[in-house]
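These are the residues of each chain, in order.
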Amino acid sequence: MIHLILFGPPGSGKGTQAVKLAEKYNLVHISTGDLFRHETSQKTELGLKALEFMSQGMLVPDEITIGMLKKKVKSLPDACGFIYDGFPRTIAQANALDHMLEENNESISILLSLDVPEEEIVKRILNRGISSGRPDDNDESIIRKRIQVYLQETAAVFEHYAVNRKSKSINGLGTIEEIFLRLCSHIDPLC
Ligand code: ADP
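Bear in mind that the values here come from a model prediction, so they are computed numbers and not experimental data.

Reading the values: rules and limits
Residues numbered from 1 in each chain as written. Predicted model: local features only at pLDDT ≥ 70, side-chain atom pairs only at ≥ 80, totals over all residues. Heavy atoms only, no water. Buried < 20%, exposed > 50% of the residue type's maximum accessible area, 1.4 Å probe, protein only. Helix = DSSP H or I, 4+ residues; strand = E, 2+ residues; numbered from the N terminus. Arc of directions from axis to C-beta. Contact = heavy atoms within 4.5 Å. Pairing = 2+ DSSP bridges. Axes fitted to C-alpha atoms, helices over the stretch in contact; angles between N-to-C directions. Near = heavy atom within 4 Å. Polar contact = N/O pair within 3.5 Å; in protein donor to acceptor, adjacent residues only side chain to side chain. Areas by Shrake-Rupley, 256 points an atom, 1.4 Å probe, with all protein chains shown as cover.

Engineer: Teacher, can you tell me more about helix α2 (residues 32–41) here?
Structural biologist: When α2 is considered as a whole, its buried residues turn out to be T32, G33, L35, F36 and T40. Angularly, the buried residues of α2 cover 160° about the axis, an arc narrow enough to put them on a single face. Against β2 (28–31), α3 (45–54), α4 (62–74) and β3 (81–85) lie the buried residues of α2. K43 sits one or two residues past α2 and shows a positive phi near 55°.

Engineer: What is the right way to read the sheet that holds β2 from this model?
Structural biologist: Pairing between the strands of a sheet comes from backbone hydrogen bonds, and it takes one of two forms, parallel or antiparallel. The strand order across the open sheet formed by 5 strands is β2-β3-β1-β4-β5, and the pairing between neighbours is parallel. Each of the sheet's edge strands pairs with one partner strand only, and the pair in question is β2 and β5 (167–171). Averaged over neighbouring strand pairs, the angle between their axes works out to 20° when direction is ignored. In this structure, strand β1 (residues 2–7) lies alongside strand β4 (residues 110–115), joined through 4 bridges in parallel fashion.

Engineer: Just checking my understanding: could you explain the site of the ligand for this structure?
Structural biologist: Contacts to the ligand come from 19 residues, most closely from T32, R37, M58, G86 and R128. Here a nitrogen atom of the ligand sits 3.1 Å away from a polar atom, N or O, in the side chain of R89. Within the contact set of the ligand, an oxygen atom lies 3.1 Å away from a side-chain nitrogen or oxygen of R134. Here the ligand has 540 Å² of accessible area as a free molecule, and 96% of this is covered by the chains.

Engineer: Got a minute to help me understand the side chain of S12 in this structure?
Structural biologist: Along the chain, S12 falls in the loop between β1 and α1 (14–25). Dropping the residues within four chain positions of it, S12 is found in contact with F7, L114, V116 and R124.

Engineer: Honestly, unusual backbone geometry in this entry has me stumped. Any pointers?
Structural biologist: Comment: phi is negative for the bulk of residues other than glycine, and the bulk of peptide bonds are trans. A cis geometry characterises the amide bond from F87 onward to P88, with omega recorded as -5°. Considering the arrangement of structural elements, one finds P88 in the loop between β3 and α5 (91–102). Phi is positive for N26, close to 55°, though the residue is something other than glycine. Summarising the element assignment, N26 is placed in the loop between α1 and β2. Backbone geometry at K43 places phi at a positive 55°, although glycine is not the residue there. Looking at the element boundaries, K43 is found in the loop between α2 and α3.

Next comes the structure, spelled out in structure tokens:
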């Protein structure tokens, strides 16, 4: 069973690529950002709590995020494999994911990290903000804050999986199709 982490800074193209990969490899795409936005739109207690953090470009606390992710995975017992998009974003989340998979004798297959320079990211997110309606995509200072949080709290997750040689860096510049092919060249050998 494939457990793929699609990694990289905000705006690096994880969501776009995850949708294409999920279709090609018959994997379930789980985006914690999408799950939070769904909860927020339904005005659930979890959603309103998450919004306090998301709107400031901060991470939602681990206990909330981990609980939500586990619940989602457990609700999909028939999945052939998963793409985790936007999770894990902290070492605590990575440990929680590893333990959850271990309970089923599973483990992370690969982490693919999309490399995109900061200035390109800011440009892409501001551009996305025009149509996405996401408040965290419209304000350059919030975008810079998210990049800073990525460097301070999330980048270490790459090293966490590099220990087992599971982390790979992918050039995230080019057309959607070019980047997709680069990702596929790492996933095909796992199938
Ligand atoms: P992007 O990758 O463009 O930042 P996401 O949709 O992945 O967008 O995430 C949007 C926001 O949702 C994040 O800035 C953060 O506040 C929250 N979030 C998403 N995933 C996590 C996570 N794994 N841990 C904590 N917060 C998260």
